[in-house]
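# Understanding the architecture of this molecule
Below are the chains, spelled out letter by letter.
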Amino acid sequence: MRKDVRILLVGEPKVGKTSLIMSLVSEEFPDVVPYRAEEITIPADVTPERVPTHIVDYSEAEQTDEQLFQEISKANVICIVYSVNNKKSIEKVTSHWIPLITENTDKDSRVPLILVGNKSDLVEHSSMETILPIMNQYSEIETCVECSAKNLKNISELFYYAQKAVLHPTGPLYCPEKKDMKPLCVKALTRIFKVSDLDNDGILNDNELNFFQRTCFNTPLEPQALEDVKNVVRKNLSDGVCDNGLTLKGFLFLHTLFIQRGRHETTWTVLRRFGYDDDLELNQDYLFPPLKVPPGCTTELNHNAYLFLQSVFDKHDKDRDCALSPEELGDLFDVFPYMPWGPDVNNTVCTNDQGWITYQGYLSQWTLTTYLDVQRCLEYLGYLGYSIVAEQESHAAGITVTRDKKIDLQKKQTQRSVFRCNVFGDIGSGKSGFLQAFLGSNLMRQKNIREEHRSYYAISTTYVYGQEKYLLLHEVFPDFDYLSDADLACDIVCLVYDVSNPYSFEYCAKVFKQYFMDSKTPCMMIAAKSDLPEIKQMYGCSPLEFCRRHKMPPPQSFTCNTAAGPNRDIYTKLTTMAMYPHARLRCMCTCNRCTFCLCQNFLNSELLQTVRAKLYAVVLRRHVSQADLKSSTFWLRASVGATVFAVLGFAMYRVLLKPR
């Protein structure tokens, strides 16, 4: 909504422009009328639309043409006043005033006009027969009002219509010649219908209509009022109501009816609630709400945003195969002004055998967008209507800004769910294959990827000690001399070399020594193409010896030349190292069978957490009083209990250690 409205009154001398303003302010006809009234500001709490309104008068006797042109350019709406008993003043509307206003306003920003017939008390006939052809000729004319400054007839209505012409203009919505809504308005209302159609069945049922009504007007419809609305549509449109719900055609018909009956403020209320501006474009403030991301922090979707995106997926996955076909994906993005995901997305996230994006891949792509470009994610959430459907203040409510990574390192723990791994390696070392293997593609499947559809990112989920995390792999272009800050900023570094190429490891060693040897970022060496015969690397030491010298884990063998999907254990190891960069992990297998993995899973298990919580509740809430805290017997019992718990824990550890 606008912050204020500026109304300019123009017209021939002696038509009563100044009298209209003074009659409005004093609520009586003035005995003495000056040449020109001073600018008047009506406070917001007095106006029906709760918007401050400035009323500006024009006097040919006191103002120059240059001053008039300046006032025209500043006005939000212009009232052309004529005298109903003066034909010459009516003729001047088309011969002088409308052309003058057109010349001095921007063609792209049309200023609405109100024709005002003053001095209606002096005649018994109406001037509407003369004015109607003028209104039909000029689309910028919003309406015509006949009034009398002397009798105070329609004075308040005149300025209300002027204010309404600015805040709720008819021009962008409706074409009088065709007697139908304009294409941009239809497009906007169609998106609103699809966002409000929560089950995507093409019909707004009673629950969806009530949600829509409550969202836009803060009040639900009574059952009888809801039925009356449907009956109006049924009488005028055969396919406007289906299965007792409102179809898209019925929804558009209702808004056409509102506009034709002069209730276009209803349609504007709906449009503005869903983020549209006066030009029927989505407002930038709606699409890009403020979100501060300090240095060292990352952005992730929170639980509510994931729930919303899951509901969007479910309502478009019509065949319930947990994947989106091209048609289903197109239907999902129909509320967007463009297709946001290109063919490269199919090589960035997990797909099924048909190459369709799976449920997991869909959420992964949203996670990737949020991490790499949070402003674009906010824009996408805006198109889907997240803040409206999820009843949030803005789309920024769906974003979590993580704390600075430095704090995570200091506290030796993190709450983040997304970890970035930058993959370095010489040309032909197997980086792309390493990324695609993360998505389950073996070498044969990777050969079908077209070069123009290739992606330098891959993202999917891994499980670290029972916790689901996202690992984002980014293939860094192998230009050793031009590595940007973005290439170096990550949670873990992956150095890939080809075991069958004697010169491949040298690149990895140089990158490590140049950029990561003195950093706190953990690194892992990947011996790619391990299915091929291993050739001695032409470097000062072997990869294994290099890793030992620099306190890195030993090189991890990897190949994507497998019959089934490549092994994913190595990606779990990478995520584990990214989560615990401060720890030199004794176990790197993440097999869930060895002692280390079993102990970690046990410590993170819900059972242990529940037992611990109940013990705390019993000890601290039920049995501990101020007297107990001063009693030596209480502390003796607490010590014995702790000792027993420790002995049992050690015994369990020894039992688990024996099989290993």
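Look a little higher up for the structure.
Summary of the structure given here.

How each quantity is defined
Residues numbered from 1 in each chain as written. Predicted model: local features only at pLDDT ≥ 70, side-chain atom pairs only at ≥ 80, totals over all residues. Heavy atoms only, no water. Phe/Tyr/Trp six-rings, centres within 6.5 Å; stacked < 30°, edge-to-face > 60°. Helix = DSSP H or I, 4+ residues; strand = E, 2+ residues; numbered from the N terminus. Buried < 20%, exposed > 50% of the residue type's maximum accessible area, 1.4 Å probe, protein only. Arc of directions from axis to C-beta. Contact = heavy atoms within 4.5 Å. Polar contact = N/O pair within 3.5 Å; in protein donor to acceptor, adjacent residues only side chain to side chain. Pairing = 2+ DSSP bridges. Axes fitted to C-alpha atoms, helices over the stretch in contact; angles between N-to-C directions. Parallel < 35°, antiparallel > 145°, perpendicular 65-115°, else oblique. Nonpolar A, V, L, I, M, F, W, Y, C, P; charged D, E, K, R; others polar. Salt bridge = Lys/Arg side-chain N within 4 Å of Asp/Glu carboxyl O.

### A word on the packing of aromatic side chains
One pass over the structure, following the stated rule, counts 29 aromatic pairs. On the numbers, 5.4 Å between centres and 85° between planes, the contact of phenylalanine 505 with phenylalanine 546 is edge-to-face. Of this pair, phenylalanine 505 sits in helix α21 (residues 504–516) while phenylalanine 546 sits in helix α22 (residues 543–549), and the two are 41 residues apart along the sequence. Its relative accessible area of 0% is what places phenylalanine 505 among the buried residues. Here the aromatic cluster, defined as three or more aromatic residues joined through ring pairs, consists of Phe313, Phe333, Phe336, Tyr338, Trp341, Tyr359, Tyr362, Trp366, Tyr380 and Tyr383.

### Observations concerning helix α4 (residues 128–137)
Those residues of α4 that sit buried are Ile131, Ile134 and Met135. Burial along α4 is one-sided: seen end-on, the buried residues are contained in an arc of 100°. Opposite the packed face of α4, turned more than 90 degrees from it, sit the exposed residues Glu129, Asn136 and Gln137. Of the surrounding elements, those touching the buried residues of α4 are β4 (77–83), α3 (87–103), β5 (113–118) and β6 (141–146).

### Brief notes about the side chain of arginine 420
Of note, arginine 420 is situated in strand β16 (residues 418–425). In this structure arginine 420 comes out as buried when scored by relative accessible area, which is 10%. Polar side-chain contacts of arginine 420 include one of 3.0 Å to the side chain of asparagine 422. The residues contacting arginine 420, other than those within four sequence positions of it, are Tyr371, Leu372, Tyr457, Leu472, His474, Ala486, Ala489, Cys490, Asp491 and Ile492.

### Let's talk about the pairing of strand β3 (residues 53–56)
When a strand is regular, its side chains alternate between the sheet's two faces. Residues of β3 alternate between two faces, with Thr53 and Ile55 on one and His54 and Val56 on the opposite face, all of them buried. Across four bridges, strand β1 (residues 5–11) lies against β3 in parallel orientation. Following the sheet pairing, leucine 8 is matched in β3 by valine 56. Looking at chain direction, strand β2 (residues 40–42) and β3 are connected through three bridges and run antiparallel. Bridging across to β3, isoleucine 40 finds its partner in isoleucine 55.

### Some remarks on the sheet that holds strand β10 (residues 241–242)
A sheet is described by the order of its strands in space; here three strands give the open sequence β9-β11-β10, paired in antiparallel fashion. Looking at strand neighbours, the two that pair on one side only are β9 (203–204) and β10, the edges of this open sheet. Relative to strand β11 (residues 245–247), β9 runs antiparallel, the two being bridged by two bridges. Bridging across to β11, isoleucine 203 finds its partner in threonine 247. Across the face of the sheet, helix α9 (residues 248–260) comes into contact with β9 and β11 while running at roughly 80° to β11.

### Observations concerning the sheet that holds β1
Judged by pairing direction, the sheet is mixed, and its six strands sit side by side in the order β2-β3-β1-β4-β5-β6 without closing on themselves. At either end of the open sheet lies a strand with only one pairing partner, and these are β2 and β6. The sheet shows a mean angle of 20° between the axes of neighbouring strands, taken without regard to direction. The pairing of β1 with β4 spans five bridges and is parallel. Directly across from isoleucine 7, in β4, lies its bridge partner valine 77. Of the strands in this sheet, β1, β4, β5 and β6 touch α3, which is tilted by about 160° from β4. Strand contacts of α4: β4, β5 and β6, with the helix running at about 170° to β6, the strand carrying the most contacts.

### Topic: the packing of helix α18 (residues 431–438) against helix α23 (residues 569–579)
For the pair α18 and α23, the least separation of the axes is 10 Å and the interaxial angle reads 95°. With respect to α23, the axis of α18 lies roughly perpendicular. Contacts from Phe434, Ala437 and Phe438 in α18 reach Ile570, Tyr571 and Leu574 in α23. Of the residues belonging to the contact of α18 with α23, the class tally is six nonpolar, no polar and no charged.

### What to know about the pattern of salt bridges
This model, assessed by the stated rule, comprises 21 salt bridges. Among the ionic pairs, glutamate 39 bridges to arginine 6, the shortest N-O distance being 3.2 Å. With glutamate 39 in the loop between α1 (17–26) and β2 and arginine 6 in strand β1, this pair connects stretches of sequence that are 33 residues apart. The salt bridge involving glutamate 265 is made with lysine 164; its shortest N-O contact spans 3.1 Å. Here glutamate 265 is found in helix α10 (residues 264–273), whereas its partner lysine 164 is found in helix α5 (residues 155–167), with 101 residues between them in sequence. Looking at lysine 164, the relative accessible area reads 8%, which means it is buried.

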